[in-house]
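Notes for the structure review
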Amino acid sequence: MNRPPSLDARLEPRPPSPLQEVRDERFAARGVRLLLKRDDLVHPELPGNKWRKLAPNLRAALEGGHDRLVTFGGAYSNHLRATAAAGRLLGLRTVGIVRGDELAGRPLNDSLARCAADGMRLHFVSRSDYRRKAEPRELARLVDSAGAGGAYVVPEGGSNALALHGCAELGRELRGAADVVAVACGTGGTLAGLAAGLAPGQRALGVPVLAGGFLAAEIRSLQAAAFGGPAGSWTLAEDFHHGGYARVPDALEAFAADFGSRHGLPVERIYVAKLLWALAELTASGAFPRGTALAAVVTGRP
Ligand SMILES: *Cc1c(COP(=O)(O)O)cnc(C)c1O
């Protein structure tokens, strides 16, 4: 594939990300080897799965001659921040359509302030208008009304077909290295792509951080769009959301702080902490046979 040299230089530093085995007695006692796939180290400014998902979209935008990206997110969205940083690195203008018009005219929170500092123009819309973007004609109207007509559109959370192909590369990097590869899920796009890239005999395990039980259907439809049908082997462990998105009960906070100090890993709380907790619980309950090599994908940093 022909890539503009600027993209290779500024956007595509150094996969594969490191794979580190850690010694943790909670896993060792059950005969399980624990490996950390350090995708938080994949790019200095676009960590983890956000880089995996954005890179193929940025390439498509540049190859399509676009000079502007538009995307969507809530007030604390990692995806908005990553898109803003990518725009700055590549010299693309970015527009962020933000859920919640009550935020307009108020001081920006730290996350949105970083988006703005990276040059992203923020456009606030009501929750009901934001929801309507699921409908293609409404989406076009929303993009126009944000003054971003003709921009390359990256969906909320960045999970489109190209993004899944980027995440399949993460799976390919883990071939032969583990029996089970586990990842925390928001939209499920990372799991859907990861599963497709693993070798036969390997399984992907997703830990949803949102309550609701809607994710399996979502993953099937993402895979159908990207790969034409089901791809790879995957399951979900649905009982580890701790009350819902961004909820961090005291016990989870204590677990994450302890894991971080034992292993020198900065544990991101919204996704990665729930993943590691789930793996410790599942291991303790005997969910993995002795001799299992278990890789946890560290998708981001605090
Ligand atoms: C966005 C994000 C996820 C969720 O990825 P999906 O592809 O939406 O499931 C997981 N971990 C971190 C750190 C994230 O920022």
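Structure report, in brief. Keep in mind it's a predicted model, so treat the numbers as computed, not measured.

So, how was this worked out
Residues numbered from 1 in each chain as written. Predicted model: local features only at pLDDT ≥ 70, side-chain atom pairs only at ≥ 80, totals over all residues. Heavy atoms only, no water. Salt bridge = Lys/Arg side-chain N within 4 Å of Asp/Glu carboxyl O. Helix = DSSP H or I, 4+ residues; strand = E, 2+ residues; numbered from the N terminus. Buried < 20%, exposed > 50% of the residue type's maximum accessible area, 1.4 Å probe, protein only. Pairing = 2+ DSSP bridges. Contact = heavy atoms within 4.5 Å. Axes fitted to C-alpha atoms, helices over the stretch in contact; angles between N-to-C directions.

So, on to the pattern of salt bridges. This model, assessed by the stated rule, comprises 21 salt bridges. The salt bridge partner of Arg 88 is Glu 45, with a shortest N-O separation of 2.4 Å. Here Arg 88 is found in helix 4 (residues 78-90), whereas its partner Glu 45 is found in the loop between strand 2 (33-37) and helix 3 (48-63), with 43 residues between them in sequence. For Arg 93, the salt bridge goes to Asp 67, with nearest N and O atoms at 3.5 Å. Placement of the pair is Arg 93 in strand 4 (residues 93-99) and Asp 67 in the loop between helix 3 and strand 3 (68-73), with a sequence separation of 26 residues. A relative accessible area of 47% places Arg 93 in the partly exposed class. A relative accessible area of 44% means that Asp 67 is categorised as partly exposed. Salt bridges here are not isolated pairs; linked through shared partners, they connect Asp 24, Glu 25, Arg 26, Asp 258 and Arg 262.

Taken together, four strands build an open sheet; the order of strands is 5-4-3-6 and the sheet is parallel. At either margin of the open sheet sits one strand with a lone partner, and together these are strand 5 (121-125) and strand 6 (152-153). In this sheet, strand 5 lies alongside strand 4 in parallel orientation, the contact comprising five bridges. In the sheet register, Val 95 faces strand 5, and the bridge partner there is Arg 121. Packing of helix 7 (residues 136-145) onto the sheet brings it into contact with strand 3, strand 4, strand 5 and strand 6, and relative to strand 3 it is tilted by some 115°.

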